[in-house]
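Observations on the model geometry
Residue strings, one per chain:
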Amino acid sequence: MYEPIRTKSVHTMAGAPSSDFPHRSREEELDIQLAGHLAALLAVTDEIRALAPSADLDAGADRLTEQVTRLRGGSAPVRAPAASAPHASRLVTLHRRAHALAGRALVVAASRADTAAAILSAQRMDAHALAVEPRELATR
């Protein structure tokens, strides 16, 4: 009446080892996620640096590069090329985006207890918040 199953099940039993695909630990997943957030923050930082160069942004970009390289096991991040002429509203938007990315990186760094990355993320959040604040006050 019923035809027997001829193919291997796609489901696995709980607790049964499966070697069909590589598994990563929670720490490895958090490292990958943190490296991604910091690399995105570095890309936005490079874009801001091209529009409005500053020593603080240069130092922040260097520290971000070090952290991404560490988290990726020595693989350095790709850096953004120089951008066009500055535009005030674009700069504010970039600072806001960088602030949000630094916040995401801070959450992941805190969850994996990576003090260096958490401190760097918090510092970058402060720097980008301060960069936006005077511009917002000037437009009021």
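The notes below deal with the structure included here. Since the model is a prediction, treat every value here as computed from it, not as a measurement.

Oppositely charged side chains may form a pair once their charged atoms are brought near each other. With the rule as written, the count across this model stands at 8 salt bridges. Two residues, Arg90 and Glu47, come together in a salt bridge whose shortest N-O distance is 2.0 Å. Of this pair, Arg90 sits in helix H3 (residues 88-111) while Glu47 is found in helix H1 (residues 26-51), placing the two residues 43 residues apart along the sequence. Given the relative accessible area of 34%, Arg90 is considered partly exposed. Here Arg112 ties to Asp114 by a salt bridge, and the two come within 2.5 Å at their closest N and O atoms. Residue classification places Arg112 among the buried positions, given a relative accessible area of 16%. Through salt bridges with shared partners, a single network forms among Asp31, Arg70, Arg112 and Asp114.

Calculation criteria
Residues numbered from 1 in each chain as written. Predicted model: local features only at pLDDT ≥ 70, side-chain atom pairs only at ≥ 80, totals over all residues. Heavy atoms only, no water. Salt bridge = Lys/Arg side-chain N within 4 Å of Asp/Glu carboxyl O. Helix = DSSP H or I, 4+ residues; strand = E, 2+ residues; numbered from the N terminus. Buried < 20%, exposed > 50% of the residue type's maximum accessible area, 1.4 Å probe, protein only.

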